[in-house]
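Summary of the model geometry
What follows is each chain in one-letter form.
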Amino acid sequence: MSETITRFAPSPTGHLHVGGARTALFNWLLARQKGGRFVLRIEDTDAQRSSDEFTRAILSAMTWLKLDWDGEPVYQSQRLPLHREYIDKLLSEGQAYWCHCQAADLEERRRKALAAGGKPKYDGLCRDKNLGPAPGAVVRFRGPEGGETGWNDLIKGSVVFDNRELDDLIILRSDGLPTYNMAVVVDDVAMNITHIVRGDDHVNNTPRQIQLYRALGAPAPYFAHVPMILGADKTRLSKRHGATSVMAYKDMGYLPQALINYLARLGWSHGDQEIFSLDEMKQVFDLSHVGRSAGVFNPEKLNWLNSHYLKETPPDELAELVWPYLEPKGYARPDGAAMAKIMLTVHERGKTLTELAEKAEFYFQDLPTLDTKDAAKILTPENKALLREWMEVLRRPLGGGEFEALLRRVAEEKGVKPGAAAQPLRLAMTGRTASPGLDDILSILGPEKIRKRIEALL
RNA sequence: GGUCCCAUCGUCUAGCGGUCCAGGAUAUCGCCCUCUCACGGCGGGGACACGGGUUCGAGUCCCGUUGGGACUACCA
């Protein structure tokens, strides 16, 4: 009847990537669903590769995704004394021993064993020598010699390792720092973590960690190993597959709820349902419905979700989200009502905030940027005559729904189809041949701007 | 090489022995709507990797093959 406590434990050696975001999400979901705690632990023991800048970047990405954590983040580098304490305990109990083997020798022996068709594991040379500390020495865990170590994974089911496959892993490096496997176990024990949800790439660490739990006399938590996210070529997702960092998606104009929804559905399902709010997920999330196989990251489906959420966003909110992409260009911002109206005309026509900004840009320009191909095609003498006609007709403001009748009248007078009569006007207003509806555009622009834009083409 | 994991439409998946000549979503194609582009609506094509078992019956259970992936550090 203990409280559910989950954790997300990134190492600050890079930005938060989509795979990390997904495991963070699953941990968050599990804790929030059970009314438990979700804690953040920054695994910064590798001083060489870790940086505060990445720590800050990870925290802000989590915040953007609305994955809130309980309490202050825990920094692993500040817990070294605790790690040492546990290592000393294992040492004094004979569950760990000093090893004087040098890295270079080890490598040589590993190479030979491999060449002889053996396994590249530690040969146990110092295991029974009863050595003490020495410069350059490390501490190894004394693993069981036979038997099996296994667990019932909440995602993968029963997983079992033969203990003979596992060698005596180093728990204290020669520089006095604990190794990853030792530090995680000590911290997870000390932080009372009940469920460890992490990437698939950790399954091979799990049996060793379980042995450490046992040696420490602590009950092992539940483990759930989430499959990897792959790129289109089915190899592990990396930079060469395009953007992998969460904040890169923010910059490209994706909504956090779209990314979250996408990541959740990549590997997890709830019947045929595709759309989930964070709140809804919290209700129905279930580790047993997380798939066991790796999934390919599919930007097209992310796009679909993003446009879905874009369409759902109220226009005034959308204006706030889109404006940052327009502001740097120096445009004057129209009043709230006008902005909302503009948003309404574009919000179904783009997949990202950047696309929306791009599609709305003509409203803000003094004169729209002319698409040269479209212009060349449209600006015939006949169409210029049409534009003159439009200029006459559009001198006064249009009433609601009036454009439709006007378009038919102009088309009939000029003996062309309505579509053909509209295109020159569209080009004049927007600079291209694809745009929102002209009735909306015309009423937003108003007679003065309309006249100016037509004149520019005559 | 060894260990571990995985295998349903291009992609994400539903399916927990019979209701599946396999359902949804996305992508794609076609039609409709229409001042363009979108949106939306309707429809089409598209998958149980292969081989053995078990069973009255297998996408669903077992074994093998093949194919992917992860790990194999004094990195996390």
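Along every chain, residues carry numbers that run from 1 in the direction the sequence is written. Here every chain gets a letter starting at A, and every ligand a number starting at 1, in the order they are written. Reporting of local features is limited, given that this is a predicted model, to residues whose pLDDT is at least 70; pairs of side-chain atoms are given and counted only at 80 or more, and all residues count toward the totals for whole chains, interfaces and linings. Hydrogens are left out, water is left out, and the side-chain values use all remaining heavy atoms of the structure.

**Focus: the overall build of chain A**
- Secondary structure assignment for chain A yields 18 helices and 12 strands.
- Here the globule rule reads 2.2 Å times residues to the power 0.38, and the radius of gyration is calculated from C-alpha atoms. At 31 Å, chain A has a C-alpha radius of gyration far larger than the 23 Å of a compact globule built from 458 residues.
- Along the longest, intermediate and shortest principal axes, the C-alpha atoms of chain A span 105 × 50 × 35 Å.
- Areas reported here follow the Shrake-Rupley algorithm with a probe of radius 1.4 Å; residue values treat only the protein chains shown as occluding. Summed over its atoms, the accessible surface of chain A is roughly 22200 Å², and 51% of this surface lies on carbon and sulfur atoms. The helix and strand labels rest on DSSP assignments: H or I over at least four residues marks a helix, E over at least two residues marks a strand, and numbering proceeds from the N terminus.

**Quick look at the domain arrangement of chain A**
- Where each domain starts and ends comes from a domain assignment, either automatic or drawn from a database. Along its sequence, chain A is organised into domain 1 (5–72 + 228–300), domain 2 (77–226), domain 3 (314–364) and domain 4 (372–457).
- The straight-line distance from the C-alpha centre of domain 3 to that of domain 4 is 22 Å.
- If you look at the interface, domain 3 gives 8 residues, while domain 4 gives 12 residues.
- By convention, the term buried area covers the 1.4 Å-probe accessible surface removed from two parts as they join, with the contributions of both added. When the two sides are added together, the surface that domain 3 and domain 4 hide from each other amounts to roughly 880 Å², 60% of it contributed by carbon and sulfur.
- Looking only at domain 3, the three residues that lose the most surface to domain 4 are Lys341, Phe362 and Tyr363, adding up to 60% of its buried area.
- By definition, a salt bridge exists where a carboxyl oxygen of Asp or Glu is found within 4 Å of a side-chain nitrogen of Lys or Arg. Viewed at the interface, domain 4 and domain 3 are joined by 1 salt bridge.
- Between Glu358 and Arg432 there is a salt bridge; the shortest N-O distance is 3.3 Å. Note on contacts: a residue pair qualifies if any of its non-hydrogen atoms lie within 4.5 Å across the two residues.

**Points about the packing of aromatic side chains**
- The criterion for an aromatic pair is that two Phe, Tyr or Trp rings (for Trp, the six-membered ring) have centres within 6.5 Å, with stacked assigned to planes under 30 degrees apart, edge-to-face to planes over 60 apart and tilted to the rest. Taken as a whole and judged by the stated rule, the model has 12 aromatic pairs.
- When the centroid spacing of 6.1 Å and the interplanar angle of 25 degrees are considered together, the rings of Tyr331 and Phe364 count as stacked. Pair noted here: Tyr331 is in the loop between helix H11 (315–326) and helix H12 (336–346) and Phe364 is in helix H13 (residues 353–364), with a separation of 33 residues, a long-range link. Per residue, the accessibility class of Tyr331 equals that of Phe364, and both read buried. Three labels apply to residues, based on accessible area from a 1.4 Å probe with only protein chains included: buried if under 20% of the type maximum, exposed if over 50%, partly exposed otherwise in between.

**A few points about the protein's contact with RNA strand B**
- We call a residue near a molecule or strand whenever a single non-hydrogen atom of that residue lies within 4 Å of it. Lining the immediate surroundings of RNA strand B are 62 residues, of which Arg173, Glu348, Arg349, Arg426 and Ser435 lie closest.
- Backbone atoms, meaning sugar and phosphate, make up 70% of the atoms of RNA strand B lying within 4 Å of the protein.
- For the surface near RNA strand B, the secondary structure elements donating two or more residues are helix H4 (103–115), strand S7 (157–162), strand S12 (295–296), helix H10 (299–312), helix H16 (402–414), helix H17 (418–430) and helix H18 (438–455).
- Nonpolar residues are Ala, Val, Leu, Ile, Met, Phe, Trp, Tyr, Cys and Pro. Charged residues are Asp, Glu, Lys and Arg, and all others, Gly as well, are polar. Considered class by class, the residues forming the surface near RNA strand B number 17 nonpolar, 21 polar and 24 charged.

**A closer look at the environment of Ala190**
- In this fold, Ala190 is placed in helix H5 (residues 180–190).
- Judged by relative accessible area, Ala190 falls into the partly exposed class, the value being 36%.
- For the pair Ala190 and Glu274, spaced 84 residues apart in the sequence, the C-alpha separation amounts to 38 Å.
- Not counting residues within four places of it along the chain, the set of residues in contact with Ala190 comprises Arg79 and Leu82.

**With respect to the pairing of strand S4 (residues 96–99)**
- Burial of S4 is two-sided: the residues Ala96 and Trp98 facing one way and the residues Tyr97 and Cys99 facing the other way are all buried.
- Pairing analysis gives 4 bridges linking S4 to strand S5 (residues 138–141), with the strands arranged antiparallel. Within S5, the position partnered with Tyr97 by the bridge is Arg140. Should DSSP find at least two bridges between two strands, the strands are taken to pair.

**Regarding the side chain of Asp70**
- Examined against the element boundaries, Asp70 turns out to sit in the loop between helix H2 (52–64) and strand S3 (74–75).
- In terms of polar contacts, Asp70 uses its side chain to reach the side chain of Arg32, at 3.1 Å.
- The residues contacting Asp70, other than those within four sequence positions of it, are Arg32, Gly36, Arg37, Phe38 and Val39. Identification of polar contacts relies on pairs of N or O atoms within 3.5 Å, with a donor-acceptor requirement for protein atoms, meaning one able to donate a hydrogen and the other able to accept it, and with residues adjacent in sequence counted only if both atoms are side-chain atoms.

**Digging into the confidence of the model for chain A**
- A residue's pLDDT is the confidence the predictor assigns to it, expressed on a 0 to 100 scale. Confidence in the prediction of chain A, expressed as mean pLDDT, is 94, and 100% of residues score 70 or more.
- Quick note on the complex model: pTM equals 0.94, ipTM equals 0.95.

**Some remarks on the layout of surface pockets**
- Estimated volume of the largest pocket: approximately 1200 Å³.
- Cavities and pockets are found on a 1 Å grid laid over the protein atoms alone: a cavity is a set of points where a 1.4 Å probe fits but cannot escape, a pocket is an open set with protein on both sides within 12 Å along at least five of seven lines, and a lining residue has an atom within 4 Å of such a point. For the largest pocket, the lining is made up of 42 residues, of which Pro10, Ser11, His17, Asp201 and Arg236 are closest to its centre.
- Listing elements by their share of the lining of the largest pocket, those giving two or more residues are strand S1 (5–8), helix H1 (18–33), H5 and strand S9 (195–199).
- Considering every element that reaches the lining of the largest pocket, the biggest residue donor is H1, with 5 residues.
- In the lining of the largest pocket, the residues fall into 15 nonpolar, 17 polar and 10 charged.
- Looking at which domains feed residues into the lining of the largest pocket, each of domain 1 (5–72 + 228–300) and domain 2 (77–226) gives three or more.
- Space inside the second largest pocket adds up to approximately 320 Å³.
- In terms of lining, the second largest pocket is formed by 18 residues, of which the most central are Ala103, Leu106, Arg110, Arg140 and Ile170.
- Elements that contribute at least two residues to the lining of the second largest pocket include exactly H4 and S5.
- With 5 residues, H4 is the largest single contributor of residues to the lining of the second largest pocket.
- Residues that form the lining of the second largest pocket fall into these classes: 8 nonpolar, 3 polar and 7 charged. Grid points are joined across faces, edges and corners, and a volume is the space filled by probe spheres set on the points.

**Here we look at the pairing of strand S10 (residues 222–226)**
- Counting buried residues along S10, 4 of its 5 residues qualify, which places the element largely inside the surrounding structure.
- In this sheet, S10 lies alongside S9 in parallel orientation, the contact comprising 5 bridges. By the bridge assignment, Arg198 is partnered in S10 with His225.
- For the segment spanning S9, helix H6 (residues 206–216) and S10, crossover handedness is right-handed. When the strands point away from the viewer, a crossover counts as right-handed if the path from the first strand over the helix to the second runs clockwise.

**A few points about unusual backbone geometry**
- You will see that Asn130, though not glycine, has its phi angle at about 55 degrees, which is positive.
- On the accessibility criterion, Asn130 (74% relative accessible area) is exposed.
- With a phi angle near 65 degrees, Lys234 is a residue other than glycine that sits in the positive phi range.

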